[in-house]
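Notes for the structure review
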Amino acid sequence: MANALRNSFKYGCSGLLSQLSLHCRHGRVCASPYAAVQQRNNSSSAKIKVDLDASTGVAVMWMQSPPVNSLSLDFLTEFAISLEKLEMDRSCRGLIITSTLPKVFSAGLDIMDMYGKSPEHCGEFWKAVQEMWLKVYGSNMVTIAAINGSSPAGGCLMSIACDYRIMADNPRYSIGLNETKLGIVAPFWFKDTMVNTVGHRTTEIALELGLLYTSPEALKIGLVDQLVPEEQVLTTATETMTKWLAIPDHARQITKSMMRKQTIDKLLANREADTHNFVSFITKDSIQRSLRMYLEMLKKRKA
Amino acid sequence: MANALRNSFKYGCSGLLSQLSLHCRHGRVCASPYAAVQQRNNSSSAKIKVDLDASTGVAVMWMQSPPVNSLSLDFLTEFAISLEKLEMDRSCRGLIITSTLPKVFSAGLDIMDMYGKSPEHCGEFWKAVQEMWLKVYGSNMVTIAAINGSSPAGGCLMSIACDYRIMADNPRYSIGLNETKLGIVAPFWFKDTMVNTVGHRTTEIALELGLLYTSPEALKIGLVDQLVPEEQVLTTATETMTKWLAIPDHARQITKSMMRKQTIDKLLANREADTHNFVSFITKDSIQRSLRMYLEMLKKRKA
Amino acid sequence: MANALRNSFKYGCSGLLSQLSLHCRHGRVCASPYAAVQQRNNSSSAKIKVDLDASTGVAVMWMQSPPVNSLSLDFLTEFAISLEKLEMDRSCRGLIITSTLPKVFSAGLDIMDMYGKSPEHCGEFWKAVQEMWLKVYGSNMVTIAAINGSSPAGGCLMSIACDYRIMADNPRYSIGLNETKLGIVAPFWFKDTMVNTVGHRTTEIALELGLLYTSPEALKIGLVDQLVPEEQVLTTATETMTKWLAIPDHARQITKSMMRKQTIDKLLANREADTHNFVSFITKDSIQRSLRMYLEMLKKRKA
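Residues numbered from 1 in each chain as written. Chains lettered and ligands numbered in written order. Predicted model: local features only at pLDDT ≥ 70, side-chain atom pairs only at ≥ 80, totals over all residues. Heavy atoms only, no water.

1. As for the relation of the copies chain C and chain A
Between chain C and chain A, the superposition needs a rotation of 120° and an axial shift of 0.0 Å, giving an RMSD of 0.0 Å. A rotation of that kind, with that shift, is consistent with a three-fold axis. Among all C-alpha atoms of chain C, that of Gly-199 of chain C lies closest to the rotation axis, at 4.3 Å. (Least-squares fit on C-alpha atoms with pLDDT ≥ 70 in both.)

2. Quick look at the nonpolar core
Core analysis: the biggest nonpolar cluster contains 255 residues, and Phe-79 of chain A, Phe-79 of chain B together with Phe-79 of chain C have the highest contact counts within it. Other than its neighbours up to four places away in sequence, Phe-79 of chain C contacts Ile-48, Met-61, Ile-97, Met-132, Val-136 and Met-158 of chain C. (Core = buried A, V, L, I, M, F, W, Y, C linked by side-chain atoms within 4.5 Å. Buried < 20%, exposed > 50% of the residue type's maximum accessible area, 1.4 Å probe, protein only. Contact = heavy atoms within 4.5 Å.)

3. Thoughts on helix 9 (residues 233-245) of chain A
Under the 1.5 Å per step criterion, the end-to-end length of helix 9 of chain A is 18 Å for 13 residues, consistent within 8% with the ideal 18 Å. Of the residues making up helix 9 of chain A, those classed as buried are Val-233, Thr-236, Ala-237, Thr-240, Met-241, Trp-244 and Leu-245 of chain A. (Helix = DSSP H or I, 4+ residues; strand = E, 2+ residues; numbered from the N terminus. Expected span 1.5 Å × (residues − 1).)

4. Focus on unusual backbone geometry
The omega angle of the peptide bond from Pro-66 of chain B to Pro-67 of chain B is 5°, so this bond is cis rather than trans. Turning to its location among the elements, Pro-67 of chain B is positioned in the loop between strand 2 (58-63) and strand 3 (70-71). Not every positive phi belongs to a glycine, and Ala-153 of chain A is a case in point at roughly 45°. The buried category is assigned to Ala-153 of chain A, whose relative accessible area is 14%.

5. Here we look at the interface of chain C and chain B
Contact residues are listed per partner, giving 24 residues for chain C and 23 residues for chain B. At the surface where chain C touches chain B, the tally comes to 2 salt bridges. Put simply, Arg-201 of chain C and Asp-225 of chain B hold a salt bridge, and the shortest N to O gap is 2.9 Å. Put simply, chain C and chain B have 7 residue pairs in polar contact (both at pLDDT 80 or more) between them. Where the side of chain C that touches chain B is concerned, the elements lending two or more residues are helix 1 (2-25), helix 6 (188-198) and helix 7 (200-209) of chain C. Among the elements that take part in the side of chain C that touches chain B, helix 7 of chain C stands out by supplying 8 residues, more than any other. Its residues placed into classes, the side of chain C that touches chain B shows 13 nonpolar, 6 polar and 5 charged. (Salt bridge = Lys/Arg side-chain N within 4 Å of Asp/Glu carboxyl O. Polar contact = N/O pair within 3.5 Å; in protein donor to acceptor, adjacent residues only side chain to side chain. Nonpolar A, V, L, I, M, F, W, Y, C, P; charged D, E, K, R; others polar.)

Pasting the structure below:
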């Protein structure tokens, strides 16, 4: 296992670094956990802003946690509270999730909530990740991801939990569940959501190789539903929402539940075991060493 | 709920009416439940005609219940009897289902069997719908739908229960499970059949939005297998049947059962509950009000 | 049943013979069970050769059992032993399976192990088929099928049990589960593997019609992942392997198990019953008669 994890570090990081260097070569913001550490100081400002249009019943949830909308425990807690408020607000029928940040929708789970933390903290963090997925995948609202930047790992999970995905038509933006590239494993409910979206075989190859798809590739395999020029992502999401809201809510909601209930129930029935699995995996000395080396490498690179 | 249903009426009907007006603008017979009421008087004539070619072992089942082959209790009863006769006739190995009517294969379930009827009647009606699906989806014969016109809702269900679908290459003809547009919900076995045909994600979006696909769109998503010019639908079905009948019956039948048994068993195990669900939903005051308003609107439109 | 099997013989054989004659017309080696009988005499030579490159950790398994790499009990036993050795060799991380024979990858199960044999022999044979699939589908190694020739029935099963399929871009080569054409039935775990690869609907039509797909067709439905010129099949497999081995083994293995475990467990839980089903089917007088007539017809044809 220790050996496997050393391999994991070696292959995983070189894989990620080559991606990051690619990002930097093109002058883009690096979606790095290191950067994520830096920004945790300004925790006073809200990580999420919600605009609800009372006339249409459509809320836009802006993710605005620089530099890369990392899904930290704090972020996820704020996300869950915002979503629950909207869910209980009868005047709100549709939700669009998007990012205020340039070039990134969300970079996924925040490594800082997994590194050097107590098992209790890791457990709380994981429950928050589960909660985000449960709330989005099972929402009674129409949910549209307006993906205006890259969306790896947890960012991809959030996107595929929505009802519809519109992505900026920019081959520099990518989306996918790339966990294996980092030596970690997407849990069964990430996998189930992916299978429900792109089918068994595409999921198998995507998850085993930790593939990130450019937006045209993502459209081709059905990981996103539509590509539009970047400046039209939000307006297209708003127009699309109108079509979805033309369907009677109760009929759409019962149908959505029929399509998704089994997948949701599977996590609900195994939630404790899933949390336990995550905590015992992530708190292993070998994994923590890999995470430390990974973060140090990123810092050195940054310097 | 009442409010949801008023919404359902508002959205559902406007959606359907715009479809109908489109139909009428093009000079086609309107697939309206109102028209269905009119034709119930001539119940003496057979709604289904069967031609069995003894030399080939292939039967053609002509649906000939004007104006739109609505699946009424009477129609479904006649359908089930005809199908059972063919199923037990050892000389019959293949079945082609088609329509004698211009521009419509079948408009789906007959609203007149759901409106103003006793719970007992609604229950009988629903059992007949189940029976139609069970008999077609589980048939030992090779079943080919020769879809020579539009085929919404129950018409789509009948089509996807067959082994193969050939549709007229006419973008004015559409097919799909559009129940949510009317504020009602396709039950789990409609959904399962659709998932088995076009996959989970396409089904999710099709059912939540109640999408009707033009024949080219239907081909693209795999909802039908082949498009041919309208006048060649039946001849192509006959030619295709020859290829299917070249396969040894017992091997094909065991294979078909292996592919479909689980889906069939799910309804068989839940048939009573499914009927109960339908009856208690459709006999609700609010739903009945919606149906009445819907029928009145169609009458007014017609006048 | 006897009648069904006579039909099976009539239709099945004519189907296969037309294929074979097509093969012969193009001057290719006929993938015939008769030929398979002939070659059983030189059983002293190894049917499989393994080259393990210690520097890359990649083994190439050459199937070299002329004329058509039939999956006989002897072949499968040797295959299982070779695979198990590699699986336990920690220096081996990847496996490429290919053929040394011209124009054929593997012609599938050897009829000579099903014809005129005792129930005990048939049972042993079937367990060896199960074992081949269990070992390949569940392998911890990265497995790539380098399909440099036709690959019907059992040859297709072996291919779709791998992680990735590269096929020679030659429309004369075909691949598919064509059992029904011979009047026999692919068991549920062949079907499950096919559904996991190409989805439910494509599997339904492929298995019911016993379809063999040319390599371009196979690529289109996702039955193979990539086509390359014949002389580049092995080199492309080697290059592709490098990409797969860049993923940390433990993360890839856990992910692979998550994708495949349920399908594997289903056979493990029903292995005895599945063997029993096969033996009682294949030892029926009627099936044995069909096999005899089939073999005689092939001999006559050959003569």
